[in-house]
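Survey of secondary and tertiary structure
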Amino acid sequence: MSVPIGYVANKEDAAARVAYLFSESVISIQPSLKSAPAFGFQHGLEQMVTFKSRGLISKKGTYPEIVRARHNADPFLTVLNELSNKSFISVTTTSHVLPEGLSYLTKLVKFPVVIHVSMSRAFPDYFEITSLRNLGFVLLQSFSLREAQDMAIAAHLLAIRSGRAVIHFFDQSEINEDPIPFENVEALERVLDKSSFVYRTDTIDVKQNLYWNDIAGVAERSDLATNKQSEHGMDGINDTIKQLNSNEDLNKAVDAIFELVRSVTGRIYKYFDYHGVANADTALFIFGSSVQRFTSTISQAGWGEVYSKVGVITVRVYRPWSMDRFLAAIPKSVKRLGVLEQYRRLNAKWSPLLLDVVSSLNGDLSRPSSIPVVVGYQLGYLDGKTIHQALRGIIQNIQSPNPIQSLSVGSSLPHDIDNEYSLVQPVLETAYTKMLTSVFGSSLNIINQLESSNIISKRISNSPEYGLGVFLAKEEEREVFIKRLELILKDKLLDDETLQLISRWLLLNGEKSADLNDAATILIDRLKAIENEISKEILKSRNFLVPQNTWIITSDAWSYDLGSSGVHHLISSGKNVNMLVIDSQPFTTRTQQDAARRKKDIGLYAMNYSNTYVASIAVYSSYTQSVQALIEAEKFEGPSIILAYLPYEMETDSPLEVLQETKKAVDAGYWPLYRWDPRYDDAGSPSFQLDSEVLKSELKKFLDRENHLSQLARRAAVFDENISGSYGSEIRSKQQQKAKDAYVKLVEGLTGPPLTILFASDGGSAENVAKRLQRRAKGRGLGSVALAMDDFPLEDLAAEENVVFITSTAGQGEFPQNGRNFWESLKSTNDLDLASTKYAVFGMGDSHYWPRKQDKIYYNKPSKDLSHRLEILGGKVLIPLGLGDDQDPDGYQTAYGPWEDDLWKALGVDGVGANVDDPPPMTNEDIKIQSNYLRGTIVQGLRDESTGAISANDSQLTKFHGTYMQDDRDIRDQRKAAGLEPAYSFMIRVRMPSGVSTPAQWIAMDDLAEDKGNHTFKMTTRGTYQLHGVIKKNLKATIKAINVALLDTIAACGDVNRNVMCAGLPYNHVLHTELHEYSKKISLHLLPKTTAYHEIWLTDDNDEKTLVGGDAVVDFEPLYGPTYLPRKFKIAIACPPYNDVDVYANDVGLIAIVDSENRLVGFNVLAGGGMGTTHNNKKTYPRTGSILGYVSKEDVVIVCEKIMLVQRDNGDRKDRKHARLKYTIDDLGVDVFRGMVEDLWGKKFEQEKPFFFESNIDHFGWIKDERGLNHYTMFIENGRVENTAEFQMKTGLRKIAEAMTGEAEFRLTGNQHVILSNISNENLIEIKRLMKEYNLDNLNYSALRLSSSACVAFPTCGLAMAESERYLPIFVSKLETYLEELGLRHDSVIMRMTGCPNGCARPWLAEVALVGKAYGAYNLMLGGGYHGQRLNKLYRSSINEQQALEILRPLFKRWSLEREEGEHFGDFLIRAGVIKPTLSGKTFHDDIPEEDE
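Everything in this summary refers to the structure shown in the same document. Per chain, residue numbering runs from 1 following the sequence as it is written. Where totals are concerned, whole chains, interfaces and linings use all residues; where local detail is concerned, this predicted model gives features only for residues with pLDDT of at least 70, and gives and counts side-chain atom pairs only at 80 or more. Derived side-chain values reflect all non-hydrogen atoms in the structure, with water molecules and hydrogen atoms excluded from consideration.

1. Some words on the overall build of the chain
- Secondary structure is summarised from DSSP: a helix means a run of H or I of at least four residues, a strand means a run of E of at least two, and numbering begins at the N terminus for each. What the chain contains, in helices and strands, is 47 helices and 48 strands.
- Partly exposed describes any residue whose relative accessible area lies between the buried limit of under 20% and the exposed limit of over 50%, with all areas from a 1.4 Å probe on protein chains only and scaled to the type maximum. Relative to its full complement of 1493 residues, the chain shows a buried share of 56%.
- In the chain, once contacts between residues fewer than 6 apart in sequence are set aside, the share between residues at least 24 apart is 75%.
- Accessible surface, the chain as shown: approximately 63,900 Å² in total, 51% of it carbon and sulfur. We call two residues contacting when some pair of their heavy atoms lies within 4.5 Å. For the accessible areas, the method is Shrake-Rupley and the probe is 1.4 Å, while residue cover comes only from the protein chains on display.

2. With respect to unusual backbone geometry
- Backbone torsion omega between Arg-319 and Pro-320 reads 5°, so that peptide bond is classified as cis.
- Considering the arrangement of structural elements, one finds Pro-320 in the loop between β12 (317-319) and α10 (323-329).
- In this structure, the amide linkage connecting Pro-1136 to the following residue, Pro-1137, adopts the cis form with an omega of 15°.
- For Pro-1137, the position within the fold is in the loop between β35 (1131-1134) and β36 (1148-1154).
- Of note in the backbone geometry, Tyr-1124 takes a positive phi value of approximately 55° without being a glycine.
- You can see Tyr-1124 is positioned in the loop between α38 (1092-1097) and β35.

3. So, the pattern of salt bridges
- Salt bridges are defined by distance alone: a side-chain nitrogen of Lys or Arg within 4 Å of a carboxyl oxygen of Asp or Glu. The full count for this structure, using the stated rule, is 74 salt bridges.
- Taking the shortest distance from any N to any O, the salt bridge between Asp-1147 and Arg-1220 comes out at 2.7 Å. Note that Asp-1147 is positioned in the loop between β35 and β36 and Arg-1220 in the loop between α39 (1196-1210) and α40 (1221-1228), a separation of 73 residues in sequence. Accessibility classification places Asp-1147 together with Arg-1220 in one group, the buried group.

4. Section: helix α16 (residues 496-508)
- Here, expected helix span is obtained from the residue count minus one, scaled by 1.5 Å. Here α16 is 13 residues long and its end C-alpha atoms lie 18 Å apart, about the 18 Å a rise of 1.5 Å per residue gives.
- Of all the residues in α16, the buried ones are Thr-498, Leu-499, Leu-501, Ile-502, Trp-505, Leu-506 and Leu-508.
- On the buried face of α16, the contacting elements are α15 (464-491), α17 (514-530) and α18 (533-539).
- In protein, a polar contact requires one atom able to donate a hydrogen and another able to accept it; more generally it is a pair of N or O atoms within 3.5 Å, and residues adjacent in sequence count only if both atoms are side-chain atoms. N-cap assignment for α16: the residue whose side-chain oxygen lies 3.3 Å from the backbone N of Glu-497 is Asp-495.

5. Quick look at the sheet that holds β12
- Overall, mixed pairing links the 7 strands, which are arranged β3-β2-β4-β5-β7-β6-β12 in an open sheet. Of all strands in the sheet, those with a lone pairing partner are β3 (65-70) and β12, marking the two edges. Averaged over neighbouring strand pairs, the angle between their axes works out to 20° when direction is ignored.
- Strand pairing is defined by DSSP finding a minimum of two bridges between the two strands. Sheet topology places strand β4 (residues 89-94) next to strand β5 (residues 113-118); 6 bridges connect them, and they run parallel. Each residue of the ladder has a partner; that of Ile-89, found in β5, is Val-113.
- Strands in contact with helix α2 (residues 41-50) are β2 (25-30), β3, β4, β5 and β7 (166-170); relative to β3, the strand with the most contacts, it is inclined by about 155°. Inter-axis angles, ranging from 0 to 180 degrees, are taken between N-to-C directions of lines fitted to C-alpha atoms, where helices are fitted over the stretch in contact.

6. Side note on the side chain of Lys-1290
- Mapping Lys-1290 onto the fold places it in helix α42 (residues 1289-1299).
- Apart from the residues within four sequence positions on either side, Lys-1290 is in contact with Asp-1006, Ala-1009, Glu-1010, His-1015, Val-1281, Glu-1282 and Asn-1283.

7. What to know about the packing of helix α6 (residues 145-162) against helix α8 (residues 247-265)
- Packing of α6 against α8 leaves a shortest axis separation of 9 Å and a crossing angle of 135°. Considering their axes alone, α6 and α8 lie oblique with respect to each other. Of the two elements, α6 crosses α8, and the hand of that crossing is right-handed. Side by side, α6 and α8 meet where Asp-150, Met-151, Ala-154, Leu-157, Leu-158, Arg-161 and Ser-162 of the first sit next to Leu-250, Ala-253, Val-254, Ile-257, Phe-258, Leu-260, Val-261 and Thr-265 of the second. For classification purposes, an angle smaller than 35 degrees is called roughly parallel, one larger than 145 roughly antiparallel, one from 65 to 115 roughly perpendicular, and anything else oblique. Should the near helix be turned anticlockwise from the far one by less than a right angle, the crossing is left-handed, and should it be turned clockwise, the crossing is right-handed.

8. Quick look at the pairing of strand β25 (residues 802-808)
- With respect to burial, β25 is a largely interior element, 7 of its 7 residues being buried.
- Every second residue of β25 is oriented toward a common face, with Asn-802, Val-804, Ile-806 and Ser-808 on one face and Val-803, Phe-805 and Thr-807 on the other, all of them buried.
- Where β25 and strand β26 (residues 838-845) come together, 7 bridges link them in parallel fashion. The residue bridging Asn-802 from the neighbouring strand is Lys-838, located in β26.
- Handedness of the crossover is the feature at issue here: the chain leaves β25, passes through helix α28 (residues 820-828), returns alongside β26, and the resulting connection is right-handed. Crossovers are marked right-handed if the path from the first strand over the helix to the second runs clockwise, as seen with the strands pointing away from the viewer.

9. Remarks on the packing of aromatic side chains
- Two aromatic rings from Phe, Tyr or Trp, using only the six-membered ring of Trp, form a pair when their centres are within 6.5 Å; if the ring planes differ by under 30 degrees the pair is stacked, by over 60 it is edge-to-face, and anything between is tilted. Scanning the entire structure with this criterion turns up 50 aromatic pairs.
- Geometrically, the ring pair formed by Trp-1002 and Tyr-1025 is edge-to-face, given 5.8 Å between the ring centres and 75° between the ring planes. With Trp-1002 in helix α35 (residues 999-1011) and Tyr-1025 in strand β33 (residues 1025-1030), this pair connects stretches of sequence that are 23 residues apart. Tyr-1025 carries the same exposure label as Trp-1002, and that label is buried.
- For the ring pair Phe-1275 and Tyr-1341, a centre distance of 4.7 Å and an interplane angle of 50° mean the geometry is tilted. Of the two residues, Phe-1275 sits in the loop between β40 (1270-1274) and β41 (1280-1281) while Tyr-1341 sits in the loop between α43 (1321-1333) and α44 (1343-1346), which places them 66 residues apart along the sequence.
- Overall, Tyr-1341 belongs to the partly exposed group, its relative accessible area being 21%.

10. Quick word on the nonpolar core
- Residues Trp-1002, Leu-1075, Leu-1150 and Ile-1203 are the most contacted members of the largest nonpolar core, which totals 96 residues.
- At 8 residues, the largest contribution of residues to this core is made by α39.
- In terms of nonpolar packing, the next biggest core, distinct from the first, is built from 91 residues, Val-67, Phe-88, Val-261 and Ile-313 among them. In this text, buried Ala, Val, Leu, Ile, Met, Phe, Trp, Tyr and Cys residues form a nonpolar core when linked through side-chain atoms within 4.5 Å.

11. Digging into the environment of Val-1206
- Relative to the assigned elements, Val-1206 resides in helix α39.
- Accessibility expressed as a relative area gives 2% for Val-1206, which makes it buried.
- Distance from Val-1206 to Thr-1224, taken between C-alpha atoms, is 9.2 Å for residues 18 residues apart in sequence.
- Excluding residues within four positions of it along the chain, Val-1206 makes contact with Gly-1211, Phe-1233, Met-1236, Val-1237 and Leu-1240.

Right, here's the structure in full:
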């Protein structure tokens, strides 16, 4: 049944909404931290959060906070933690949690906490309520949906009124009720006087307070409250908050609250209700889940029915118990009273409710001689079919002369087993269990694992304490077993051979070695063979023979370690057991964590003991360190504690989110990676090993500084020459400086009014505008300063006279990074008065960047929001808001020029001075020509230890050397907030023509990735290696090591010819060999000739190059000249029928032409392909190469040179966005360009030869070439070679490299995969064995995944606007299931994803592409050619994941139903009219669907 808007349909939702309104924090106790369910407490709370409902109790400007707590992880400890700094708290939970939280509940009684309790669906055990009856809680019960809403309101009003904790409980009735309207918030506001509320402003330690005398909660803070009455005169409701201790006071408070509810709703509520005829002779007091069924059945009874004169009594206020009100509810005619209480088992003779009833009746002095006969019943499940029979049985028993006490009625078994609260290990946490399995294999024994069969409940059997107990018990059994073996050996009860094997096993016992494992295996086989009674006896305990790696895992999700008692017991036991402690607290919410739960402190505690190995690991930070720690822990004889970080907010978080949180925590030092082995103390070696690279670096700097100072202190006093110089000269120097400073101040005092310029800029444009404005302001006599917004103290803003704000637009209308904190503070402050501040704002944006109508709000949103906020805070506008638009004829300058003129007029300096001439900007051409053939100041920058970066100019030059400077964007904001520079590192790309690598070179790259990089390496879309995370101090050593491996990095990037690609051709050795040679020849011929590369990277620090003629190195670039090319230049060689290198996407594309005998004769030459564009800049576009003609293989190298030279001399060097060869050809025309190449070459192109492409994907699996050698194309998702807990890919590939023999080699493909090539039949068996062992032979992937690829993007690429490599696998997974349902699992679709429009993964040629536009937003491109021959086109702009899935799924369905035989997805979309074909680069922006125009 659909619920109308504005209505609520179940009790949990109703109570949750009220809890939200009346609380500062709501603690939602849940079975797990998964996504919110479709019903229940959490659903109601999430709805309130989604619609940003305001609370009635929360402080002004804040919203109630929802805190999710696991049911098995001391949830009421979380409640106590919240009470340390909040006044009004509520809790939502199921009843089964209450008894386990008894020790904490006793501390909550005297706080105004409301606990809303839904009785357990598995079995509503009301003993879970009655067990709390003597703690002092007010216990309110509701029956219907309407009552649940009213009683929830009453509970909160009562808690506020009395200062006493209230428990509101109810059963989720199976009887359907009509939805009811939401609570009347306006009516509730009218009866609340919020000025009387006392909010906690200090922090108290609730958990340490045992007697509550000093801090009994907000209700005892009467000195802080005010005495006020509400306008309705509800005396005692909103007046002084006072603690009520006696039952009499509480009863009065309850009466007052019920009266208040009546005044608001018109509904009357009493402590007890009676349902039935007035002259009933029998009454049933029901405390259970079947009340509504009983009352309904009795009310429908006809005359003469056995229960026609039966009434039903229910309790609404169970505590405080009111004897008088209970007795008043029983008709005087009642002679027999049945007490039906629903409980699973009773530990005493009489139930709690029965004792309450009997006690009250015995105290009734009004009718001592007519006390009803009381009969108790145990109530079970009753449904509509059994209620009549059960009711007759109850009445027959109670009316019999000798009724049976404690008779069970109904089923005691759950009628609807609900696994919601069963313990399940979150999928995310399997990363560590999989890693343990990978390291220890079959010998791994997790003694508290969920799957272990045990009659004891999982809550107990999974606990670490229980696991340790199991281990100790098994140890005792094992000792008995060993003594039995010794006795068998002593008495020679078996044959000599078997006794020798037992003796060997006993000698090796205790060693966890391969020898012991072998001895156990041989002994077991022998015992099976001899088959006698003694051997059978031993075999029954065979598990004791095989060495095991014993682990206990603690996790808040499924194996909660109460008070870390498991850790304490393990350490004190001294036993050889390993414990893995999983900490899932996210770094970004670390401040919300209760210190008592902080697991990382366990390490400090454990290190106080000399018998314990301790390590702190994070699998998403350093897999290698994690594995090393696990191995060391297992080898340690004694307890081992491994603290394992796995941060997640929700169990449905993606591994990407866990990775980002981990990086933040490790980089900030919050989660240090270390290992502590106390054995090394005795050996004289350091017992503590710090593995966190960032902390290690900072610690080294500190120690170096301390050591340096210590050395100075110990040495004789020898003064530096600067210190020992003339004191008089030092004084004169200081005087001169003082005079200069005074002069500067004097000049500044004579200038015009001050002007503060604040900017927010990501790409540098807004910053440049701001600094130019500052120079011009000074030229007009203004005292001016320019700062990034985040560098300016917000509290000083009110003291500024004139402020100019200049901001660009980032993401989806967001502030750039260096203005984000300033804006967040400005947006949230209410204390800033800008009445004396004049301001002007200029924004820079692109009106077409978000083309959809609904997204127009993002255009220049930061500047608009900023201007509006400044106005609200009282600022005075100097001039109207200026909006620069990149779509204007002169870009932002169109609007900026007039805006700046108006600014000078407003400041009164328009006639003063003139604009200072700005120095011309340094262009890439300037940098190159001034670099002295790519030297620049790279050497000096590498030696500068004050920063992890190099200069901006040098960072342009290092690209020519094969390396980019980057920083980790996952932690950029965090480091900035900490006052640190970005986490700079360098990407290194290898020049490796045709992607061919020897096994030794693979191993070298693996070593460098592990020792110098981020423990992974990338196979790029140009078929080469790429390292990431190399810090500056390791940069030279890494490049040098690459060269030692007979590879290099020169010209892998930069404005030169880059890595030459070549088809992998695993099926044709001869042809591949020849094409490989041509790729090497072209690459070598077009290689820069500068000696700067060898000079900078390959010489020792003291091996300086000899300089000639002063400071000029004798260098010469015969092809490139001193300015090299206008932009990058790419060449690829394809061999039909496979276009696996995307030959059309390159500046020069060579299509191999073979004769009838499959021998290479020449090449068709393409020119002008290129992928890079700029979003919404229609002057930029991707382009496929144009055919120039055919050339013989002998001429191909020189033709490539001449094409490059024409580009060198004719390419646009003024506008880098228009500098690629594709624009040169379009500007000149293909025929003119061809003629210019032919003029330089001295020959003519022949007519192109016929060829045919059938795909541009890789074809996976084994294949033999013509020599009988074997080749295997292996799927490497997005080219990332790494180890994870699930997949030891990097280790497996290294093992394969080490096992390769003969001519075996690796071939990297342009689709980011690898071919194991030239494997001999003799080597094949071992290679296949390793592939199977490491799951590298798995090709059970969808064709969509096999055909997908992505660029690196976040976190290292500085140009990325959105995720790519880390996100594409997630997105593909969300499509695969649907494609399989359509029968498309094995149908290839080319899908590519990039984080920006520069096109590294060649997205513009894909059938489906997602191109990042902002974080979480992508342009969806459709219609590319399956062969890589046709560009795609924009279909939808700036869509999120859900929108992309909603678009693609119907299109895939249409394709499955309407496609023609062999028709590919991109071709179908064009034929079906979904998208128009892009016939050339110039028409790329034409015919875009209307929604995105």
